[in-house]
Amino acid sequence: MLWWEDVVEGLAKQSQETEQSDTETEKDKTEDSSKQQTETSSTPATLSQNGEVWFVNPLTLYNFVSWKSLINVEVFLTKYESVHKKFKKNENDIVPNFNQKSKDALCGIIERINLFYKKNDDFKPNIYYVSYMLATARWEATWGNDFFCALEERSGGLGKEYFNKYDPVLASTEALRKKAKDNGNIVEGDGYRYRGRGLVHLTWKNNYKKASNYLGVDFITDPDKAAELDFAVPIMIWGMMKGVFTGGKLPKYIYKNHIDYKTARKVINGSDSADSIASFANLFESILRQTSNLTEEF
């Protein structure tokens, strides 16, 4: 199959040859000139030096164009920025300005969402799923004046001790220590080592192992990689669709004729801030309807 860039180059070359031929024809004005021009215009595109005609499969061309513009990044960013202040945690919330750092982060996220769906046919690019994923990222990865940027769980000034709740030795109660062990944190220090990272804060050693197996990246040895957008976006999409984080899967709460953004919070963290994130999802859905080719099909 011919790459689209090669098609463009070939057509440009052919166009030059056609223009040259038309010039010569104009000079030679003969009685059958119109016939020659008709024949020239109807000649199939010959894009190879040996005279063979290259065929571009229409479906492949359609996929190339549609995937490239699944979400129009530039238009999406402009539209998001215009409604940024509407993303309030509550009625009294004053939303800081959308700074350049946040804009760059959101741009990187949308670009990688496009790339993920282009490479992974087993995940349908559904507008409701993506809306809720972006809402979750907007909530989980926001800290202070920076949005979509907090790719590591913050302690709020409490230092490493904040993450003792994930530790099999340092946790304050037996129930917390057992929970840590059940999730693969078996050595003192694992609580901090396998703290939340990424757009939805991947937590626990067992989940880092699952992500390692899925992406073929050693997050156990180098857990900080889970905070890089190249991995954080795939982990978000795959994890929310497959129920990696809590056992809950997005398709359980969002399906045909049933879009439950509020209860979908169970995919990440029970019912914590469920109403706020649901309102974010509705805002993102509105933006995506104006800036993407995402489907409503499940």
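Residues numbered from 1 in each chain as written. Predicted model: local features only at pLDDT ≥ 70, side-chain atom pairs only at ≥ 80, totals over all residues. Heavy atoms only, no water.

Asker: It is not clear to me how the pattern of salt bridges should be interpreted in this structure. Could you clarify?
Answerer: Charged atoms that come close allow side chains of opposite charge to pair. For the coordinates displayed, the defined rule picks out 14 salt bridges. Note that Lys 178 and Asp 182 form a salt bridge whose closest N and O atoms lie 2.9 Å from each other. A residue pair is termed a helical-turn pair when its members lie 3 or 4 positions apart in one helix, as Lys 178 and Asp 182 do in helix α7 (residues 174-182) at four residues. Owing to a relative accessible area of 49%, Asp 182 belongs among the partly exposed residues under this scheme. Arg 289 is paired through a salt bridge with Glu 285; the nearest N and O atoms lie 3.0 Å apart. Pair noted here: Arg 289 and Glu 285 are both in helix α12 (residues 274-291), with a separation of four residues, about one helical turn. Since its relative accessible area comes to 14%, Glu 285 is described here as buried. (Salt bridge = Lys/Arg side-chain N within 4 Å of Asp/Glu carboxyl O. Helix = DSSP H or I, 4+ residues; strand = E, 2+ residues; numbered from the N terminus. Buried < 20%, exposed > 50% of the residue type's maximum accessible area, 1.4 Å probe, protein only.)

Asker: What is the right way to look at the environment of Phe 298 in this model?
Answerer: Note on placement: Phe 298 falls in the segment after α12. When its relative accessible area of 37% is taken as the criterion, Phe 298 is described as partly exposed. Note: C-alpha distance between Phe 298 and Pro 125 (173 residues apart in sequence) is 8.7 Å. Discounting residues that sit within four places of it in the chain, Phe 298 has contacts with Lys 124, Asn 126, Tyr 128, Tyr 129, Ile 254, Tyr 255, Lys 256 and Ile 259. (Contact = heavy atoms within 4.5 Å.)

Asker: Looking at this structure, how should I read the nonpolar core?
Answerer: The nonpolar side chains of a soluble globular protein tend to be buried with one another. Formed by 70 residues in total, the largest nonpolar core has its most connected members in Phe 76, Ile 113, Leu 199, Ile 237, Met 240 and Leu 250. Mapped onto this core, the elements with two or more residues apiece are α4 (73-83), α5 (100-119), α6 (127-140), α9 (205-215), α10 (229-242), α11 (250-253) and α12. Per-element accounting of this core gives the leading share, 10 residues, to α10. The residues touching Leu 250, leaving out its near neighbours within four places in the chain, are Tyr 129, Tyr 132, Met 133, Met 240, Met 241, Ala 264 and Val 267. (Core = buried A, V, L, I, M, F, W, Y, C linked by side-chain atoms within 4.5 Å.)

Asker: Is there a simple way to think about the packing of α5 against α10 in this case?
Answerer: If you want to describe how two helices pack, look at the angle between their axes and the distance between the axes. Between α5 and α10, the shortest axis-to-axis distance is 9 Å and the interhelical angle comes to 60°. It follows from the interaxial angle that α5 and α10 lie oblique. In the packing of α5 onto α10, the handedness of the crossing is right-handed. Side by side, α5 and α10 meet where Ala 105, Gly 108, Ile 109, Arg 112, Ile 113, Phe 116 and Tyr 117 of the first sit next to Leu 229, Asp 230, Val 233, Pro 234, Met 236 and Ile 237 of the second. Among the residues forming the contact of α5 with α10, the class breakdown is 10 nonpolar, one polar and two charged. (Axes fitted to C-alpha atoms, helices over the stretch in contact; angles between N-to-C directions. Parallel < 35°, antiparallel > 145°, perpendicular 65-115°, else oblique. Left-handed = near helix turned anticlockwise from the far one by under 90°. Nonpolar A, V, L, I, M, F, W, Y, C, P; charged D, E, K, R; others polar.)

Asker: Honestly, the layout of surface pockets in this entry has me stumped. Any pointers?
Answerer: A probe matching the size of a water molecule, rolled over the atoms, marks out where space remains unfilled. Roughly 880 Å³ of volume is contained in the largest pocket. Together, 36 residues line the largest pocket, and Glu 140, Glu 153, His 201, Arg 265 and Asn 269 are the ones closest to its centre. Elements represented by at least two residues in the lining of the largest pocket include exactly α6 and α7. Among the elements that line the lining of the largest pocket, the one with the most residues is α6, at three residues. Class assignment of the residues belonging to the lining of the largest pocket gives a composition of 17 nonpolar, eight polar and 11 charged. (1 Å grid on protein atoms, 1.4 Å probe; cavity = no way out; pocket = protein on both sides within 12 Å on 5 of 7 lines; lining within 4 Å. Points joined across faces, edges and corners; volume = space filled by probe spheres on them.)

Honestly, it's all geometry; don't read function into it.
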